[in-house]
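# Overview (structure and organization)
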Amino acid sequence: MAALKWINLLLLVLYPVAWVAPLMRAGLLPLFGLSEISVLTGIQALWATDVLLALIVTAFALIAPYMKTIGLALVQFHLLSRRTLPGLALMGKLAMADVFLIALYITIVKGIGIGRIETAWGLYLFTACILASLLVGLVEARRSAD
């Protein structure tokens, strides 16, 4: 079970990397270069156009997964009650919603055929972080049930 603690602590480092890593490359015309879009640049663009959506994405992409990871670390080191695990699991599910939204946007843009969009390594890293966090949370919840 010590490995779970290390995986969870590693997520505290990997999440910020995933937030600045390119999720996708997008461009309007094939002749021009593609712009890299990360979680942070996407949120930054949203703040200029739609504050409510920016708040929602910030909560789902940044706050929920990081708070869940910190909460799990506190539970693992016996600094927080195991009774908080259901709430932490909900935070992880909210974070997963962000991954689905990004995938949906990519699918829609590719389907319309306007411009060009490519997925980048940051999308896979962000998804892996969310899935690893969900897995650690499930194992911790199962341990508390025993």
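Residues numbered from 1 in each chain as written. Predicted model: local features only at pLDDT ≥ 70, side-chain atom pairs only at ≥ 80, totals over all residues. Heavy atoms only, no water.

Helices and strands together make up the secondary structure of the protein chain, namely five helices and three strands. From first element to last, N terminus to C terminus, the protein chain shows the α and β order α-β-β-α-α-α-β-α. Looking at the protein chain residue by residue over its 146 residues, the buried ones come to 35%. Across the protein chain, every contact between residues at least 6 apart in sequence was considered, and the portion connecting residues at least 24 apart equals 66%. Put simply, the protein chain shows about 8,500 Å² of open surface, and 75% of that area lies on carbon and sulfur atoms. (Helix = DSSP H or I, 4+ residues; strand = E, 2+ residues; numbered from the N terminus. Buried < 20%, exposed > 50% of the residue type's maximum accessible area, 1.4 Å probe, protein only. Contact = heavy atoms within 4.5 Å. Areas by Shrake-Rupley, 256 points an atom, 1.4 Å probe, with all protein chains shown as cover.)

Here the focus is the sheet that holds strand 3 (residues 116-119). The antiparallel open sheet is built from three strands, whose spatial order is 2-1-3. Because the sheet does not close on itself, it has two edges, and the strands there are strand 2 (35-38) and strand 3. Going from strand to strand, the sheet's axes swing by 25° on average, the running direction of each strand aside. Its contacts with the sheet place helix 2 (residues 39-49) against strand 1 (22-27) and strand 2, and it is angled at close to 90° to strand 2. (Pairing = 2+ DSSP bridges. Axes fitted to C-alpha atoms, helices over the stretch in contact; angles between N-to-C directions.)

What follows covers the nonpolar core. Core analysis: the biggest nonpolar cluster contains 23 residues, and Y15, W19, L23, V39, F126 and I130 have the highest contact counts within it. Listed by contribution, the elements that provide at least two residues to this core are helix 1 (2-20), strand 1, helix 2, helix 3 (51-76), helix 4 (85-112) and helix 5 (121-145). Take this core: its biggest share by element is five residues, from helix 5. In contact with L23, not counting residues within four places along its chain, are I37, S38, V39, I102, E118, T119, A120, G122, L123 and F126. Counting six residues, the second-largest nonpolar core is a separate cluster that includes L72, V75, L85 and V136. (Core = buried A, V, L, I, M, F, W, Y, C linked by side-chain atoms within 4.5 Å.)

What follows is about the pattern of salt bridges. Counted under the stated rule, the structure contains three salt bridges. With a shortest N-O distance of 3.3 Å, E36 and R25 are connected by a salt bridge. In this pair, E36 is assigned in strand 2 and R25 in strand 1, connecting sequence segments 11 residues apart. Overall, the relative accessible area of 25% leaves R25 in the partly exposed class. Note that E140 is salt-bridged to R143, the shortest N-O span being 3.1 Å. (Salt bridge = Lys/Arg side-chain N within 4 Å of Asp/Glu carboxyl O.)

Glancing now at a nonpolar patch on the surface. A cluster of nonpolar side chains, namely I63, M67, I70, L74, F77, L79 and L80, defines an oily patch on the protein surface of about 600 Å² accessible area. Positionally, L74 belongs in helix 3. (Patch = residues over 30% accessible without salt bridge, like charges linked within 9 Å, V, L, I, M, F, W, Y side chains within 5 Å.)

Here the focus is unusual backbone geometry. Its identity is not glycine, yet H78 carries a phi of approximately 60°, on the positive side. You can see H78 is positioned in the loop between helix 3 and helix 4. On the accessibility criterion, H78 (66% relative accessible area) is exposed.

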